[in-house]
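Each chain, written out:
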Amino acid sequence: MKKNDYLFRCPECGTRNKVPGDKIGVHATCGKCKAVMNTIELLEDKPVTVTDADFHVTVEKSPLPVLLDCWAPWCGPCKMMGPVFDELAREWKGKVRVCKINVDENPIISGRFQVQSIPTILILDRGIQKDLMIGALPKQQIMAKMASYL
Ligand SMILES: [Zn+2]
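Residues numbered from 1 in each chain as written. Predicted model: local features only at pLDDT ≥ 70, side-chain atom pairs only at ≥ 80, totals over all residues.

When the terminal C-alpha atoms of helix H2 (residues 76-91) are compared, their 24 Å separation across 16 residues agrees well with the 22 Å that a helix rising 1.5 Å per residue should span. Every buried residue of H2 is listed here: Cys-78, Met-81, Phe-85, Leu-88 and Ala-89. Looking at the packing, one finds that the buried side of H2 touches strand E6 (66-71), strand E7 (97-102) and helix H4 (139-147). (Helix = DSSP H or I, 4+ residues; strand = E, 2+ residues; numbered from the N terminus. Expected span 1.5 Å × (residues − 1). Buried ≥ 20, exposed ≤ 12 C-beta atoms within 10 Å, placed from the backbone. Contact = placed C-beta atoms within 7 Å.)

Put into structure tokens, the structure is as follows:
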């Protein structure tokens, strides 16, 4: 794979399609099932807010592996982590979809992943849990863990 190639998971069948950096935004279809791939999503550079209602679309059909920050507004360590996730979203543009979910407002998803304490940071691929980290952690540690799922 070339340095500016991206792997875009088809929203319908999950096949990883290679997207050259200079083809982002150009009409593209999955090599396997021909579903339309909205490759412009590779340019997201901010954390995406997820809710119980849109988890399916935003996370399970994500074109990229997901780093999901489970947080709540009253949690001090969660607030500390906020700028870290902003940075990760910028640095991982095109590689990881960085998402945030407020656990108080979204009991279905926090229940599904049995979030007991916050912050909990989940690594998900097509909605399937690959790994998790608990507590406020240094950015480097999160990056090291995430690196094995890219
Ligand atoms: Zn497909």
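Having seen the model, we can carry on.
Right, let's get into the pairing of strand E8 (residues 120-125). Of all six residues in E8, five are buried, a share of seventy percent or more. Examined bridge by bridge, E6 and E8 share five bridges and lie antiparallel to one another. Bridging across to E8, Val-66 finds its partner in Leu-124. Inspection of the sheet shows E8 paired to strand E9 (residues 128-134) by six bridges, in the antiparallel sense. Residue pairing for E9: Ile-123 is matched across the bridge by Asp-131. Counting the residues between successive antiparallel strands, the hairpin from E8 to E9 contains two residues, one of them, Arg-126, with a positive phi of roughly 55°. (Pairing = 2+ DSSP bridges.)

A common measure of how large an interface is: the accessible area buried when the components associate. Annotation of the protein at the domain level lists domain 1 (5-41) and domain 2 (44-147). Relative placement of domain 1 and domain 2: their C-alpha centres are 23 Å apart. Taken together, the contact between domain 1 and domain 2 spans seven residues of the former and seven residues of the latter. For the side of domain 1 that touches domain 2, the leading source of residues is strand E1 (residues 5-9), giving three residues. In terms of residue class, the side of domain 1 that touches domain 2 is built from four nonpolar, one polar and two charged. (Domains from an automatic or database assignment. Nonpolar A, V, L, I, M, F, W, Y, C, P; charged D, E, K, R; others polar.)

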